[in-house]
Amino acid sequence: MANAYWIAFYKSINKPDQLAAYAKLAPAAIQAHGGKFLVRGMPSKTYELGVNQRVVVIEFPSVENAVAAHDSPAYQAALKVLGDGVERDMRIVEGVA
């Protein structure tokens, strides 16, 4: 079974205080499902059509684990705290074996 990756691109951060509150809750919910943070921050360099925006990459043992983390009550509570604090694009992608 291939690992899966949760990739989020933050188009805008409208309410940093809400993002900070979310950041206190979300990691425990993610880690409870085997999530491991690989990348958190701004790009060091962008190329082609790259946009200079915050990126988060989290590795999971499987797509099922990644989806379970997102859909868990603990993560949904973190999302509620985040509210409209950010505009982001998030996807779950299966890795190559």
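None of these values were measured; they are calculated from a predicted model.

Turning next to the packing of helix α2 (residues 63-71) against helix α3 (residues 73-82). For any two helices packed against each other, one specifies the crossing angle of their axes together with the interaxial distance. Taken N-terminus to C-terminus, the directions of α2 and α3 make an angle of 55 degrees; their axes are 5 Å apart at the nearest point. With respect to each other, α2 and α3 are oriented oblique. Residues A69, H70 and D71 of α2 pack against P73, Y75, Q76 and L79 of α3. Considered class by class, the residues forming the contact of α2 with α3 number four nonpolar, two polar and one charged.

The next thing to look at is the packing of aromatic side chains. Both the distance between ring centres and the angle between the ring planes are used here to describe each pair of aromatic rings. In the structure shown here, the tally under the stated rule is three aromatic pairs. Ring geometry for W6 and F60: centres 5.5 Å apart, planes at 20 degrees, overall stacked. Of this pair, W6 sits in strand β1 (residues 4-13) while F60 sits in strand β3 (residues 54-60); the two residues are 54 residues apart in sequence, bridging distant segments of the chain. By relative accessible area, which is 2% here, W6 ends up buried. Centroid distance Y22 to Y75: 6.0 Å. Interplanar angle 75 degrees. Geometry classified as edge-to-face. One end of the pair, Y22, is in helix α1 (residues 16-31); the other, Y75, is in helix α3, with 53 residues separating them in the sequence. There is no split in this pair, since Y22 and Y75 are both buried. Members of the aromatic cluster, each reached through a chain of ring pairs, are W6, Y22, F60 and Y75. Sitting over the face of the ring of F37, R40 holds its NZ or CZ atom 4.1 Å from the ring centroid. It is R54 that lies over the ring of Y10; its NZ or CZ is 5.7 Å from the centre.

Calculation criteria
- Residues numbered from 1 in each chain as written.
- Predicted model: local features only at pLDDT ≥ 70, side-chain atom pairs only at ≥ 80, totals over all residues.
- Heavy atoms only, no water.
- Axes fitted to C-alpha atoms, helices over the stretch in contact; angles between N-to-C directions.
- Helix = DSSP H or I, 4+ residues; strand = E, 2+ residues; numbered from the N terminus.
- Parallel < 35°, antiparallel > 145°, perpendicular 65-115°, else oblique.
- Contact = heavy atoms within 4.5 Å.
- Nonpolar A, V, L, I, M, F, W, Y, C, P; charged D, E, K, R; others polar.
- Phe/Tyr/Trp six-rings, centres within 6.5 Å; stacked < 30°, edge-to-face > 60°.
- Buried < 20%, exposed > 50% of the residue type's maximum accessible area, 1.4 Å probe, protein only.
- Lys NZ or Arg CZ within 6 Å of the ring centre and 35° of its normal.

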